[in-house]
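Remarks on the overall topology
If you want the building blocks of each chain, they are given just below.
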Amino acid sequence: MAATERDYYELLGVARDADESTIKKSFRRLARELHPDVSDHPEAELRFREITEAYEVLSSSERRALYDRYGHAGLRSGGFSPTQFDMGNLGDLFASLFGDGIFGSAMSGNARQRGADLGAEIAIELVDAARGVTVAVPFEVAVTCKTCGGDGVEPGTEPRTCARCEGSGRLHQVSRSVFGEFVRAQACPDCRGRGVIVEHHCPDCDGAGRTIEGRELKVDVPAGIHDGQRIRVSGEGHAGTLGGRAGDVYVLVHVTPDARFVREGNDIYSQVDLTIVQAALGASVDVETLDGAVGLDLPAGVQPGEVRVLSGKGMPVLQGFGRGDHRVLVNVTVPRRVTDEQRRLLQEFEAASDEHTYRTDESFFEKLKSAFR
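Cut-off values and rules
- Note on numbering: residues in each chain are counted from 1, in written sequence order.
- Side-chain atom pairs in this predicted model are given and counted only at pLDDT of 80 or more, local residue features only at pLDDT of at least 70, and totals for whole chains, interfaces and linings cover all residues.
- Side-chain metrics in this entry use all non-hydrogen atoms of the structure; hydrogen atoms and water are not considered.
- Patch definition: residues with relative accessible area over 30% and no salt bridge; like charges joined within 9 Å; nonpolar side chains (Val, Leu, Ile, Met, Phe, Trp, Tyr) joined within 5 Å.
- Method for areas: the Shrake-Rupley scheme with a 1.4 Å probe, in which residue coverage is limited to the protein chains shown.
- Salt-bridge detection follows one rule: a side-chain nitrogen of Lys or Arg within 4 Å of a carboxyl oxygen of Asp or Glu.
- In DSSP terms, a helix is any run of H or I states spanning at least four residues, a strand is any run of E spanning at least two, and both are numbered starting from the N terminus.
- Working definition: rings of Phe, Tyr and Trp (its six-membered ring) pair if their centres are within 6.5 Å, and the pair is stacked with planes under 30 degrees apart, edge-to-face with planes over 60 apart, and tilted otherwise.
- Only protein chains enter the accessibility calculation, which uses a 1.4 Å probe; a residue whose area is less than 20% of its type maximum is buried, one above 50% is exposed, and one in between is partly exposed.
- Only buried Ala, Val, Leu, Ile, Met, Phe, Trp, Tyr and Cys residues count toward a nonpolar core, and they belong to the same one when joined by side-chain atoms within 4.5 Å.
- Any two residues whose heavy atoms approach within 4.5 Å at even a single point are treated as in contact.
- In protein, a polar contact requires one atom able to donate a hydrogen and another able to accept it; more generally it is a pair of N or O atoms within 3.5 Å, and residues adjacent in sequence count only if both atoms are side-chain atoms.

What follows deals with a nonpolar patch on the surface. On the surface, I276, V277, L281, V334, V338 and L346 cluster together into a nonpolar patch covering about 530 Å² of accessible area. Inspection of the secondary structure puts L281 in helix α7 (residues 276-281).

Next up, the structure:
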């Protein structure tokens, strides 16, 4: 029983005097909208269970009369409990309710089934992720047998109708109780739900209707893609059974780290190393970016930890417009070894320095924070 015990008529959107046909029609419409295989609504499964419970009650004259008179409490005292099912057995539930499938078609064991999805992985360079690239992905996939067209029957022969289920592919078992009749449907064990028995299997696929084939899929990787994202290629997965639609291919993209750069969202970070002389006097340096080397002029007195921004030189915005920035972190290298002459010159420089020589405009921690803004 639904925890909120909502009114069954409200759940199905029908009046309290609605006839059986109206209730059934409303349930079908809602089922098409709320089935989790169709709906993206986060509460689709819960709502589907609620309307199924409502239909179980209102479609039975005995249960409906009990509910109309005593409500949910009357149903519980009468021994009613909603059908327990998992989302993989909805076909059986619908067959037990009104003998057909969720979309109103007759329940048949030989219905087409969608093919399974297939997974693949590729690895690309960061520069390729910035530009976009087409990658050839080899894989093996089940395809419809060319000899039999997917029905598994040897050409020139015909399958015979299953005598046990009379071609329906399903068997129905009726049980009766004080609350009415219950119908349980299951696939016919003789024909395995197909409705026909194949006596002469296709020699190429051995009756499976599908064969394994090696393929190479050209996958277009969009510019700006992030590491770990997936690309869905519709209809390129395993073939469906009996001519059903093929599944999809999901390609997992790995972006190989580039030693020159660090990526943060759509921004790129890199580091430029200056000598103490270059930092003191200023310098023009070449900075490697995703688009190649770019000249960067650094003023005299540039400090370690400062960040210079190259606007629009970062990663493209995936499925959007514009690009991130390239942020260059300045690093000043300190000599580890000096000669006697170099030491003398440094000492002379230090002696000639005053409080203005090393003026501090920004603390180290402020520089560190500005590097990640």
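Still to come is the rest of the account.
Applying the stated criterion across every chain yields a total of three aromatic pairs. With a centroid separation of 4.7 Å and an interplanar angle of 40°, the aromatic rings of Y8 and Y67 are classed as tilted. Taken as a pair, Y8 in helix α1 (residues 8-12) and Y67 in helix α4 (residues 61-77) lie far apart in primary sequence, 59 residues in all. By relative accessible area, which is 1% here, Y8 ends up buried. Considering the side-chain rings of Y9 and Y67, the 6.2 Å spacing of their centres and the 35° angle between planes classify their relative orientation as tilted. Of this pair, Y9 sits in helix α1 while Y67 sits in helix α4, placing them 58 residues apart in sequence. This pair shows no difference in class: Y9 is buried, exactly as Y67 is. Ring pairing ties together the aromatic residues Y8, Y9 and Y67, which thus form one cluster.

Formed by 27 residues in total, the largest nonpolar core has its most connected members in I122, I124, I231 and L290. Those elements that place two or more of their residues in this core are β1 (118-125), α6 (126-131), β2 (133-144), β7 (210-221), β8 (230-233) and β9 (249-256). It is β2 that contributes the most residues to this core, five residues altogether. Residue contacts for I231: discarding those within four places in its chain leaves V219, D220, V221, P222, I225, V249, Y250, V251 and V253. Listed in part, the 19 residues of the second largest apolar core include Y8, Y9, A54 and V57.

What follows covers the side chain of H72. Along the chain, H72 turns up in helix α4. Looking at H72, its side chain comes within polar contact range of the main-chain oxygen of R6, at 3.3 Å.

Structurally, the position occupied by T52 is in helix α3 (residues 44-58). By relative accessible area, which is 1% here, T52 ends up buried. Spatially, the C-alpha atom of T52 lies 8.2 Å from that of A31, the residues being 21 residues apart in sequence.

A separate point is the pattern of salt bridges. Scanning the model with the defined rule gives 21 salt bridges in all. Two residues, R164 and D190, come together in a salt bridge whose shortest N-O distance is 3.3 Å. Here R164, found in the loop between β3 (160-161) and β4 (170-177), pairs with D190, found in the loop between β5 (180-187) and β6 (196-197); they are 26 residues apart in sequence, far enough to count as distant. According to the relative accessible area criterion, D190 is partly exposed, its value standing at 44%. Here K218 ties to E216 by a salt bridge, and the two come within 3.8 Å at their closest N and O atoms. The residues K218 and E216 share a single accessibility class, namely exposed. Linked through salt bridges whose partners overlap, the residues forming this network are K146, E213, R215 and E236.

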